[in-house]
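In case you want the letters, here they are:
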Amino acid sequence: MLAKRIQPMVFQARRMYVELMFQVMGRALQAVSEVDNTVKEESRVLPEGFLFEMMVMPDGPSMVVEHTGLGRFRYHGNSAPRPVDLSIQFKHIAHAFLVLSFQEKTSVAFANDRMLVDGDISYAVRMTRVLNRLESFILPKLIAERAVKEYPQNLHLPEKLVSAARIYLKVATNFVETVRA
């Protein structure tokens, strides 16, 4: 009987965690595109106005970012201003939780058929590299190595700390501005 009452709470806690992580990731993608030249170069190939969505199927939490040109992203929250160009969709909230709590790499989740890609696969690979770069900056190395396919060998501690601080400051500023609005 206790298990039946706990399961909905676990589901709700996972959902709230995934929603929060999508908010942080969306803002962090915007921030890293302002801070890191590697991310800017990786993203420049995307068409201006390109909309990227990450979501939980069918109507779960989501985040949307737009490539505004010159390798920069803008976070749109959980709704797209028009149809998205690329959507990475988790099949279940538990699958999203595994990836967003850094228990499973995105590449492993994809290989285990826990997610779908709707859109150009080359753009999906590019966005995954951008997300991996972001995670390499904002997560401690031990966790980042578990989260990303390959931790950047040329990312040294001073650069990591300075970039992470700049990214977190921009994320926090964005949260504060959103609350004021």
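So, here is what we can say about the structure in this document. All of these numbers come straight from a predicted model, not from anything done at the bench.

Mapped onto the secondary structure, Arg126 falls in helix H5 (residues 121–138). When its relative accessible area of 18% is taken as the criterion, Arg126 is described as buried. Apart from residues lying up to four places away in sequence, Arg126 is in contact with Glu42, Val45 and Leu46.

Hydrogen bonding along the main chain pairs the strands of a sheet, whether they run parallel or antiparallel. Ordered by their spatial adjacency, 5 strands build an open sheet running S3-S2-S1-S4-S5, and the pairing between neighbours is mixed. The open sheet has two edge strands, strand S3 (72–75) and strand S5 (115–118), and neither has a second partner. The average undirected angle you get between the axes of adjacent strands in this sheet is 20°.

What follows covers helix H2 (residues 37–44). Taken as a whole, H2 has its buried residues at Val39, Lys40, Glu42 and Ser43. Down the axis of H2, the buried side of the element spans an arc of 165°, and every buried residue falls inside it.

Enumeration over the complete set of coordinates arrives at 12 salt bridges. Between Asp113 and Lys91 there is a salt bridge, with its nearest N and O atoms 3.0 Å apart. Of the two residues, Asp113 sits in the loop between helix H4 (106–111) and S5 while Lys91 sits in the loop between strand S4 (86–90) and helix H3 (93–100), which places them 22 residues apart along the sequence. Relative accessible area serves as the criterion here: at 46%, Asp113 is assigned to the partly exposed category. Given a relative accessible area of 32%, Lys91 falls into the partly exposed group. Look at the salt bridges and you will find they share partners, linking Glu34, Arg72 and Lys170 into a network.

So, how was this worked out
- Residues numbered from 1 in each chain as written.
- Predicted model: local features only at pLDDT ≥ 70, side-chain atom pairs only at ≥ 80, totals over all residues.
- Heavy atoms only, no water.
- Helix = DSSP H or I, 4+ residues; strand = E, 2+ residues; numbered from the N terminus.
- Buried < 20%, exposed > 50% of the residue type's maximum accessible area, 1.4 Å probe, protein only.
- Contact = heavy atoms within 4.5 Å.
- Pairing = 2+ DSSP bridges.
- Axes fitted to C-alpha atoms, helices over the stretch in contact; angles between N-to-C directions.
- Arc of directions from axis to C-beta.
- Salt bridge = Lys/Arg side-chain N within 4 Å of Asp/Glu carboxyl O.

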